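# Commentary on secondary and tertiary structure
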Amino acid sequence: MTTICVARKAGQVAIAADALVTFGDTRLAHGYEANDKVFRIGDSWVGMAGTTAHFPVLRRALGALPRQELRLGSRDEVFETFLKLHPKLKEQFFLNTKEEDSDPYESSQFTVLIANASGAYGVYSYREVFEFDRFWAIGSGRSFALGAMYAMFDRARSARELAELGVRAGCEFDKNSASPVRAHTIKLKDD
């Protein structure tokens, strides 16, 4: 899977990710494939956990949204954007929305972290949107990342340092995460 972290601190927001791709028991480490789990869409950095097939789909689907529909500057805007995106994922990219028979909504089948000048957001498979005040992590290394960021939050000097620390913890202890760590930092508008 992966380890992707976002952090807010000292007037900045940062997003960082590992660089390992896995196919079952097979690892496609850095150097065999140029894997970047965080990509830029407009003024935002977007990172995603889920099947590898989601990466080109989400990049293309978000990139194809008209500018007026691609709004990621608040929790509500992120929700509206992903709500508009969901039918396109089904119709144009053949997304299979079924997870369990008891699902309350159709699933988008991925988990996303977003970092931009307005903050840090998470989007989960039923389009639940969260806005993070301090930090968060997704992927199979998330537990290690969250523990590391929690332990170091007061001592870290910057959002980037904190996000990178979380990913490094994931790389150290999660079998499905590996370096190098790639990070991006943005100055927050109102912090």
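Residues numbered from 1 in each chain as written. Predicted model: local features only at pLDDT ≥ 70, side-chain atom pairs only at ≥ 80, totals over all residues. Heavy atoms only, no water.

### Observations regarding the packing of aromatic side chains
The following threshold applies: The aromatic pairing rule takes the rings of Phe, Tyr and Trp, using the six-membered ring of Trp, and pairs them if the centres are within 6.5 Å, calling planes under 30 degrees apart stacked, those over 60 edge-to-face and the rest tilted. For helices the rule is a DSSP run of H or I covering at least 4 residues; for strands it is a run of E covering at least 2, with both sets numbered from the N terminus onward. A 1.4 Å probe rolled over the protein chains alone gives each residue an accessible area, and that area as a share of the maximum for its type sets the label: buried under 20%, exposed over 50%, partly exposed in between.
Summed over the entire model, instances satisfying the criterion amount to 6 aromatic pairs. On the numbers, 5.9 Å between centres and 45° between planes, the contact of Phe135 with Phe153 is tilted. You can see Phe135 sitting in strand β10 (residues 135–138) and its partner Phe153 sitting in the loop between α3 (142–152) and α4 (159–173), a full 18 residues away along the chain. For Phe135, a relative accessible area of 13% puts it in the buried group. On the basis of relative accessibility, which here comes to 13%, the residue Phe153 falls in the buried class. An angle of 35° between the planes, with centres 5.7 Å apart, marks the rings of Phe144 and Phe173 as tilted.

### A closer look at helix α2 (residues 75–93)
Worth spelling out the cut-off: A helix is expected to reach a length of 1.5 Å times the quantity of its residues less one. Contacts were defined at the residue level, with two residues in contact if any of their heavy atoms lie within 4.5 Å.
Between its first and last C-alpha atoms α2 spans 25 Å; for 19 residues at 1.5 Å apiece the expected length is 27 Å, and the two agree. Among the residues of α2, Val78, Thr81, Phe82, Leu85, His86 and Leu89 are the ones counted as buried. Taken together, the buried residues of α2 touch α1 (54–64), β7 (111–116), β8 (119–123) and β9 (129–132).

### Re the pattern of salt bridges
Here is the rule: Criterion for a salt bridge: a side-chain nitrogen of Lys or Arg within 4 Å of a carboxyl oxygen of Asp or Glu.
Within the structure shown, the criterion is met by 5 salt bridges. One salt bridge in this structure joins Asp18 and Lys37, with 2.9 Å as the shortest N-O distance. In this pair, Asp18 sits in the loop between β2 (12–17) and β3 (21–23) while Lys37 sits in the loop between β4 (26–28) and β5 (38–41), placing the two residues 19 residues apart along the sequence. Each member of the pair, Asp18 as well as Lys37, is classed as buried.

### Section: α1
Which entries qualify depends on this criterion: As used here, the arc is the angular range of directions from the helix axis to the C-beta atoms.
Residues of α1 that are buried include every one of His54, Phe55, Leu58, Ala61 and Leu62, and no others. Buried positions in α1, seen along its axis, are confined to an arc of 145° and lie on one side of it. For α1, exposure combined with an orientation more than 90 degrees from the buried face picks out Arg60, Gly63 and Ala64. Where the residues of α1 are buried, they touch β5, β6 (44–49), α2 and β7.

### Overview of the side chain of Ser44
Put simply, the rule is: A 3.5 Å cut-off defines polar contacts: any pair of N or O atoms within that distance qualifies, except that in protein one atom must be a possible hydrogen donor and the other a possible acceptor, and neighbouring residues in sequence count only when both atoms are side-chain atoms.
Residue position: Ser44 is located in strand β6. Within the local environment of Ser44, its side chain forms a polar contact with the side chain of Asn116, the two groups lying 3.0 Å apart. The residues contacting Ser44, other than those within four sequence positions of it, are Phe39, Leu72, Ile114, Ala115 and Asn116.

### Focus on the sheet that holds β5
Rules: Strand pairing is assigned whenever DSSP detects at least two bridges linking the two strands. For helices, the axis comes from a line fit to the C-alpha atoms of the stretch in contact; other axes are also lines fit to C-alpha atoms, and the angle between any two N-to-C directions lies between 0 and 180 degrees.
Spatially, the 5 strands line up as an open sheet ordered β5-β6-β7-β8-β9, and their pairing is antiparallel. Each having just a single partner strand, β5 and β9 make up the two edges of the open sheet. Across the sheet, the axes of successive neighbouring strands diverge by a mean angle of 25°, strand direction being ignored. Sheet topology places β8 next to β9; 4 bridges connect them, and they run antiparallel. Note on β9: the bridge partner recorded for Ala120 is Phe132. Each of β7, β8 and β9 is contacted by α2, which is oriented at about 150° to β9, the strand it contacts most.

### Things to note about the pairing of β6
A large share of β6 lies buried, amounting to 6 of its 6 residues. Neither face of β6 is left uncovered, since the one carrying Ser44, Val46 and Met48 and the one carrying Trp45, Gly47 and Ala49 both have all their residues buried. When β5 meets β6, the two strands line up antiparallel, connected through 4 bridges. Within β6, the residue paired with Arg40 across the bridge is Trp45. Between β5 and the antiparallel strand that follows it, β6, lie 2 residues; Gly42 among them carries a positive phi value of about 60°. Alignment of β6 against β7, held across 5 bridges, turns out to be antiparallel. Considered in β7, the bridge of Trp45 is made with Ala115.

Distances and angles like these do not, on their own, reveal function.
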